[in-house]
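# Summary of the model geometry
Spelled out from the first residue to the last, the chains are:
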Amino acid sequence: MQTGWQGRKMTSHFPAPNLRKRHLKNRNLVRRPSTANSIRFLRSYKQSGGIPPHPPGLAETQDNDRTAPLPHTDKKCIEEIMEKNLALNALKKSESQYRSIFENSGTAIIIIEPDMRITMANENCTELTGFQPKKIVNDMLWTDFVSDPDVRSTMINYHGARRENPDSTPTEYEFKLKHASGELKDVLLHINLIAETDKSIASMIDITHIRKMELEKLELEKQLHQAHKMEAIGTLAGGIAHDFNNILTALMGYLEMSKSAAPPDTNLPRWIEQSLKASRRAKNLVDQILTFSRQHELEMRPVRISPIFKEVVNFMRASIPSTIVFDIHSECDKEMVYGDPTQIHRIIMNLCTNAAHAMSGNGGCMGLKLRPVLLNSRLSQKKNLKDGSYIELTI
């Protein structure tokens, strides 16, 4: 815009130094006028030919422009920035809270991508799978932990169907997880899609100990059922044993009378004595049945063990195969023990029978040894017995 003045020519009108200095100062203020007021001022200055006064309000306007409040739009922009900062802080706080829940939930949690890669895993996965989260994330598929190929194929089908129709697949089921050490664990899986995404979140709980407890419970129930069966059998056997005992009592009575009436110079007394021995053995068996059925009280008393030992040996000679021979050593002819004769007979019989079964294939020599021993403090503590004299039976 033309003002009618050139800056360098204006100085020729002011020969006085003080006027020249004042002019230069005013010239800096009006070199590039930007308002209509400054233009009118310069025109009037040219027409008057005088010294241009300080432009009214121009310097004040420039200073005020520098310190004046921001316009309304700038205030709104600040409010928007503050709102965004508040939202960002709230988002960070929410993310921190969910991260804390993710890491401290007490269960193994993983985030699964549509391609079945695991992109997030918490520390509980280490305890469950044996792999560090850094090894799991982005390097493993979530089906890599499944041991059964058929179950793995089913879970892959569930993974695809869940994205087409989330309600078409189960959200909770069990499977066998393969630990890094090769150990198999029973795991309860809960899986679902994350809202408004195609990712899945899955939590896994180790229920191996629960399954073991259930198996132990089933085993205990079987044992209890067997105990009930044995109790019923014992009750039945006890009733039969009582009747058989009555028959044996009559039979043994008649044998005793026959032995007394038999001529001594014949074989009849010897045959009757053998029948009495068999009857007494049968009575002992009846007593064992009664003991088994808990209808017979143990008869604890001092008893010589040597005759019982010899009786069992004689019985076993006639009942085991001829390929098995006996090596018998007894050092207890007069020693006595405190116990039930029937139970002692039963113990020796069972041990010999078990040994004979173990040798039934190739035969061999069965050693039976009976000797007295004295247990001191060291041996008695080792065998959980009191100090004193005992009889040792070795088969």
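Structure shown above.
Everything in this summary refers to the structure shown in the same document. (Residues numbered from 1 in each chain as written. Predicted model: local features only at pLDDT ≥ 70, side-chain atom pairs only at ≥ 80, totals over all residues. Heavy atoms only, no water.)

### What about the overall build of the protein?
Using the following cut-off: Numbered from the N terminus, helices here are DSSP runs of H or I no shorter than four residues, and strands are runs of E no shorter than two. Relative accessibility thresholds used throughout: buried, under 20% of the residue-type maximum; exposed, over 50%; partly exposed, between the two (1.4 Å probe, protein chains only). In what follows, residue pairs with any heavy atoms lying within 4.5 Å of each other are defined as contacts. Computed with the Shrake-Rupley method and a 1.4 Å probe, the accessible areas treat only the protein chains shown as cover for residues.
Secondary structure summary: the protein contains 12 helices and 10 strands in total. The proportion of buried residues among the 395 residues of the protein is 27%. Pairs at least 24 residues apart make up 55% of the contacts formed inside the protein by residues separated by at least 6 positions. Accessible area for the protein stands at about 27200 Å²; split by element, carbon and sulfur atoms hold 55% of it.

### A look at the nonpolar core
The tendency in soluble globular proteins is for nonpolar side chains to be buried side by side. Cut-off, in case you're wondering: Only buried Ala, Val, Leu, Ile, Met, Phe, Trp, Tyr and Cys residues count toward a nonpolar core, and they belong to the same one when joined by side-chain atoms within 4.5 Å.
Of all hydrophobic cores here, the largest spans 22 residues; its most connected members are I110, W142, F175, L189 and M204. Elements that contribute at least two residues to this core include exactly β1 (108–112), β2 (118–121), α5 (124–129), β3 (172–178), β4 (184–193) and β5 (200–206). Once residues lying within four places of it in the same chain are set aside, the contact partners of M204 are T107, A108, I110, L128, F175, L177, V187, L188 and L189. Counting 21 residues, the second-largest nonpolar core is a separate cluster that includes M316, I344, C352 and A355.

### Let's talk about the sheet that holds strand β9 (residues 364–375)
Counted only if it meets this: Pairing between strands requires that DSSP locate at least two bridges from one strand to the other. Where helices are involved, their axes are fitted lines through C-alpha atoms of the stretch in contact, as for all axes, and angles between N-to-C directions lie from 0 to 180°.
Across the sheet, which stays open at both edges, the 3 strands sit in the order β7-β9-β10 with mixed pairing between neighbours. One side of each edge strand has no neighbouring strand; the edge strands of this open sheet are β7 (324–330) and β10 (388–394). Averaged over all pairs of adjacent strands, the angle between strand axes in this sheet comes to 10°, irrespective of strand direction. Examined bridge by bridge, β9 and β10 share 7 bridges and lie antiparallel to one another. Bridge pairing in β10 links R371 to E392. Contacts from helix α11 (residues 341–358) reach β7, β9 and β10 within the one sheet, and its direction differs from that of β9 by about 145°.

### A word on the sheet that holds β5
Strands sit in the order β2-β1-β5-β4-β3 across an open sheet of 5 strands; the sheet is antiparallel. Each of the sheet's edge strands pairs with one partner strand only, and the pair in question is β2 and β3. Direction aside, neighbouring strands of the sheet carry axes that sit 30° apart on average. Both β3 and β4 contribute to a ladder of 7 bridges, which runs antiparallel. Bridging from a neighbouring strand, L177 pairs with K185 of β4.

### Considering the pattern of salt bridges
Pairing of side chains with opposite charge becomes possible as their charged atoms draw close. Put simply, the test is: The rule for a salt bridge is simple: a side-chain nitrogen of Lys or Arg has to be within 4 Å of a carboxyl oxygen of Asp or Glu.
By the definition in use, this model includes 10 salt bridges. With its nearest N and O atoms 2.9 Å apart, the salt bridge here joins R211 to E214. Here R211 pairs with E214, and both are found in helix α8 (residues 208–261), just 3 residues apart, close to one helical turn. The exposure class assigned to E214 is partly exposed, which follows from its relative accessible area of 39%. With a closest N to O distance of 2.8 Å, R371 and E392 form a salt bridge. Here the residue R371 occupies a position in strand β9, and E392 occupies one in strand β10, the gap between them amounting to 21 residues. In the salt-bridge network here, residues are joined through shared partners; they are E256, K259, E273 and R280.

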